[in-house]
Amino acid sequence: MIFFIYSLINVLFLRTFWSELIFDRSKIGAVFGEVYAAEWALNHIYENIISLKNPYSHTPDILYPFGANLIATDAGNAFFIIFLKPFLSTHQAFYVTIALGLLAANYGMYLLLRKLNFSKLIAFVLGLSYGYTTYLMVRVGHITYFSIFVFPLFYYFVLSVLKATNFRQKTLNTLGTAFIFVITLYLNLYFFVMLAFSIGLFILYFIFKDIRLLISKINNFKTQLFLFCLFSLIFVYPFLKILYDTYLFEELPSVGGWGGAIQFSSDLFGYFIPSTYSYFLG
């Protein structure tokens, strides 16, 4: 019932996305923001996957005659559209995947809160609000920011590993944890940094709060930690392979500050002061 209600609200509020199934607006050029660039990379990675090549392989289609690679394109949705692309255009498959991703954000947060023993009603409301956070209101053009489902699902799988009662459950949840961890890198590099930062903060918290508990958990789950590292390495290998080739033949770019954005990279006030773009918060 919870999933059905989330799905109904998803279709209602994201009807702009779902309407692409009825009429593909990309055919008349009614696409804006960075969608063109995102779909270009998405299609190239998809073509590499179905050709059984490294998804991030070098492409000669731009910057002739040197070409370019796809490791910094935030096009991880290509790994999801392989199930939709045989039936839909790239634009349609991309928009449906984004809509389903927000549904996954709703349900993922609901599952995480239920795992943390929140009541069903509170988990439902918070799960719903998370999927339609005001952070996304002004980023429809920068559509790769919509992949917020990775945060609740990652910690849902982590808690599932900690609470699992048998080896099979622990292994499957470890596999899910590793998959979400790596797919975050593929979907949005900023989100990957945020997720890694949050993991570091949790570890730092328990180092100061109860280091004995932390060491005990590491000892009890050392097999799962090993499997997490193994699965993550397998999933991320295609990316690392191309990154290494880039390092050898092109060199990595040298930038100042945080990714070059020195002036605007550390807006900590944004965590506490509501955005002026939010209609409801003002």
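For the structure, see preceding data.
What you see is a predicted model, and the numbers here were worked out from it, not measured in a lab. (Residues numbered from 1 in each chain as written. Predicted model: local features only at pLDDT ≥ 70, side-chain atom pairs only at ≥ 80, totals over all residues. Heavy atoms only, no water.)

A.B. asks: Looking at this structure, I do not really get the pattern of salt bridges. What am I missing?
C.D. replies: A side chain of one charge can pair with a side chain of the opposite charge when the charged atoms of the two come close. One pass over the structure, following the stated rule, counts two salt bridges. Here Arg25 ties to Glu20 by a salt bridge, and the two come within 2.9 Å at their closest N and O atoms. Judged by relative accessible area, Arg25 falls into the partly exposed class, the value being 29%. When the shortest N-O distance is used, the salt bridge between Asp245 and Lys241 registers 3.0 Å. Of this pair, Asp245 and Lys241 both sit in helix 11 (residues 222-249), separated by four residues, roughly a single helical turn. Note on Lys241: relative accessible area 33%, which makes it partly exposed. (Salt bridge = Lys/Arg side-chain N within 4 Å of Asp/Glu carboxyl O. Buried < 20%, exposed > 50% of the residue type's maximum accessible area, 1.4 Å probe, protein only. Helix = DSSP H or I, 4+ residues; strand = E, 2+ residues; numbered from the N terminus.)

A.B. asks: How do you make sense of unusual backbone geometry when you look at a structure like this?
C.D. replies: Trans is the prevailing form of peptide bonds, just as negative phi is the prevailing case for residues other than glycine. A positive phi is found at Leu52, a non-glycine position, where the angle reads about 60 degrees. When you line up the elements, Leu52 lands in the loop between helix 3 (35-50) and helix 4 (78-81). With relative accessibility at 79%, the residue Leu52 sits in the exposed group. Despite not being glycine, Asn117 shows a phi value in the positive range, around 70 degrees. When you line up the elements, Asn117 lands in the loop between helix 5 (90-115) and helix 6 (120-131).

A.B. asks: Would you take a moment to explain the packing of aromatic side chains for this structure?
C.D. replies: The geometry of an aromatic ring pair comes down to the distance between the two centres and the angle between the two planes. The full count for this structure, using the stated rule, is 26 aromatic pairs. Taken together, Phe154, Tyr155, Phe181, Phe192, Phe202 and Phe228 form an aromatic cluster joined through their ring pairs. (Phe/Tyr/Trp six-rings, centres within 6.5 Å; stacked < 30°, edge-to-face > 60°.)

A.B. asks: How should I be thinking about the packing of helix 7 (residues 150-163) against helix 8 (residues 167-187) in this particular structure?
C.D. replies: When two helices pack together, you describe them by how their axes are tilted relative to each other and by the distance separating the axes. Two elements in contact, helix 7 and helix 8, have axes whose closest approach is 8 Å; the angle formed by their N-to-C orientations is 160 degrees. By the angle between their directions, the pair helix 7 and helix 8 is classed as roughly antiparallel. The handedness of the crossing between helix 7 and helix 8 is left-handed. Listed contacts from helix 8 to Val150, Leu153, Phe154, Phe157, Val158, Ser160 and Val161 of helix 7 are Lys170, Asn173, Thr174, Gly176, Thr177, Ile180, Phe181, Ile183, Thr184 and Leu187. The class makeup of the residues in the contact of helix 7 with helix 8 is 10 nonpolar, six polar and one charged. (Axes fitted to C-alpha atoms, helices over the stretch in contact; angles between N-to-C directions. Parallel < 35°, antiparallel > 145°, perpendicular 65-115°, else oblique. Left-handed = near helix turned anticlockwise from the far one by under 90°. Contact = heavy atoms within 4.5 Å. Nonpolar A, V, L, I, M, F, W, Y, C, P; charged D, E, K, R; others polar.)

A.B. asks: Got a minute to help me understand helix 9 (residues 189-209) in this structure?
C.D. replies: Each full turn of the α-helix corresponds to 3.6 residues, which orients residues three or four apart in the same direction. Taking 1.5 Å of rise per residue, 21 residues should cover 30 Å, and helix 9 covers 30 Å from first to last C-alpha, within 8% of that figure. Looking at the buried positions of helix 9, the neighbouring elements they touch are helix 7 and helix 8. For helix 9, the capping residue at the N-terminal end is Asn188, with a side-chain oxygen 2.9 Å from the backbone nitrogen of Tyr190. (Expected span 1.5 Å × (residues − 1). Polar contact = N/O pair within 3.5 Å; in protein donor to acceptor, adjacent residues only side chain to side chain.)

A.B. asks: Hey, could you run me through helix 3 in this one?
C.D. replies: In this model, helix 3 (16 residues) spans 22 Å end to end at C-alpha, consistent with the 22 Å of a helix rising 1.5 Å per residue. Among the residues of helix 3, Val35, Ala38, Glu39, Ala41, Leu42, His44, Ile45, Tyr46, Asn48 and Ile49 are the ones counted as buried. The inward-facing, buried residues of helix 3 abut helix 4 and helix 5. Immediately beyond the C-terminal end of helix 3, within one or two residues, lies Leu52, with a positive phi of roughly 60 degrees.

A.B. asks: Sorry, what's going on with the side chain of Ser232 here?
C.D. replies: Relative to the elements of secondary structure, Ser232 occurs in helix 11. Setting aside chain neighbours within four positions, we find Ser232 in contact with Ala178, Phe181 and Val182.

A.B. asks: I tried to follow the environment of Ile49 on my own but got confused; where do I start?
C.D. replies: The topology assignment puts Ile49 in helix 3. Here the alpha-carbon distance between Ile49 and Phe79, two residues 30 residues apart in the chain, equals 8.1 Å. Discounting residues that sit within four places of it in the chain, Ile49 has contacts with Pro55, Ala78, Phe79 and Ile82.

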